[in-house]
Structure formats: structure tokens, C-alpha cells
Amino acid sequence: MSGPGRVSEAPCAGDGRFTPDDATADSLSRPEMRKLLAVCQECPFRAQCIALVKPRGSLFDGICGGRLWLRGEVRATCEGAHPGELREGAASITHGTPAGARAHNRRGEPACSLCREAGRLDQARRRERKRASGP
């Protein structure tokens, strides 16, 4: 299942170097920060990280969701990051429902097994109703 709780499994979890207290434009442009940003390339939690931290709204400084931020503005992006990950205000998903399957689809992410099954059952019911009402 997806959700902000799994961000604790991210490769950067608990590493204070990703969120320096004294961030400035100069400190964030250092080579060490670019190396840290590379950690995000293979991370499956980039979108969840952004949804949890809300870097634009919180004027975040540091690395979040595969981007290097200064005062809530993206300064650099890791390879493989895509714009769909930048949604900060995405509503939570009601897993195990047809609406949950549609929400996953709107976010451009694979549906979890509960939502996938609910979507499949809903589609089968719609097909059956259509057959029953046909000529």
C-alpha cells in the first residue's frame, strides 16, 4: 500500500544531511548536496515524500522527493524525477474501493492490490448491468 508512513523506509530516513538547519544558496550548491540528491534517483518514495513534507507550502530547505529545495523552490532535480511527483495536496486514498483505484490512476501510480481488486469487481458489475439492460 502507498502512504506517507512508508517514507520511513526511504534511503534518506533519519539522515540529517538531507535537511540542514543552516541551509543557504551556497551551502545547498555544494558538491556534497548533489551527491545526496543522487540517493533519490532510485527511491520509490519521492512522491510520498513531497506529499508528507509539502516543501512549497512549508518553504522547505534541503532535499525532498528527488529535488533540492531552497525556501520552497526547486533548485535541482535528480535524474528520473518527473513532474507528477510534485503534487503536495493530494488527497488520501480510500484503499479497497473503486474510488481508490481511480485515485491511484489519477496520480499516475500503480494501484495497490486492494484497489486493483475493487476496480476489477466494479468493472465486472458495470458490464453485467450493461448486459442486463441491453436488447
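See the structure above.
Since the structure is predicted, the reported quantities are computational estimates derived from the model, not experimental observations. (Residues numbered from 1 in each chain as written. Predicted model: local features only at pLDDT ≥ 70, side-chain atom pairs only at ≥ 80, totals over all residues. Heavy atoms only, no water.)

Moving on to helix H4 (residues 98–107). What H4 keeps buried is the set Gly100, Ala101, Ala103 and His104. Down the axis of H4, the smallest arc covering the buried residues is 160°, so these residues share one side. Across from the buried face of H4, at angles greater than 90 degrees, the exposed residues are Asn105 and Arg106. One or two positions beyond H4, positive phi appears at Gly108, with a value near 75°. (Buried < 20%, exposed > 50% of the residue type's maximum accessible area, 1.4 Å probe, protein only. Helix = DSSP H or I, 4+ residues; strand = E, 2+ residues; numbered from the N terminus. Arc of directions from axis to C-beta.)

In total, this model carries seven salt bridges according to the counting rule given. Taking the shortest distance from any N to any O, the salt bridge between Arg120 and Glu117 comes out at 2.6 Å. You can see Arg120 and its partner Glu117 sitting in helix H5 (residues 113–133), three residues apart, about one turn around the helix. Linking Arg126 and Asp122 is a salt bridge whose minimum nitrogen-to-oxygen distance equals 3.3 Å. (Salt bridge = Lys/Arg side-chain N within 4 Å of Asp/Glu carboxyl O.)

Attention now goes to the side chain of Asp122. Take Asp122: it is sitting in helix H5. Owing to a relative accessible area of 16%, Asp122 belongs among the buried residues under this scheme. In this view, Asp122 contacts Pro98 and Arg102; residues no more than four positions away in its chain are not counted. (Contact = heavy atoms within 4.5 Å.)

With respect to the helices and strands, Ser27 occurs in helix H1 (residues 25–28). Within the structure, Ser27 has its side chain in polar contact with the backbone nitrogen of Thr24 (distance 2.8 Å). Every residue in contact with Ser27, bar those within four places of it in the chain, is listed here: Asp22 and Met33. (Polar contact = N/O pair within 3.5 Å; in protein donor to acceptor, adjacent residues only side chain to side chain.)

Moving on to the sheet that holds strand E1 (residues 62–64). The strand order E1-E2-E3 describes an open sheet built from three strands, whose pairing is antiparallel. Of all the strands in the sheet, just E1 and strand E3 (73–77) have a single pairing partner and so form its edges. Averaged over neighbouring strand pairs, the angle between their axes works out to 40° when direction is ignored. (Pairing = 2+ DSSP bridges. Axes fitted to C-alpha atoms, helices over the stretch in contact; angles between N-to-C directions.)

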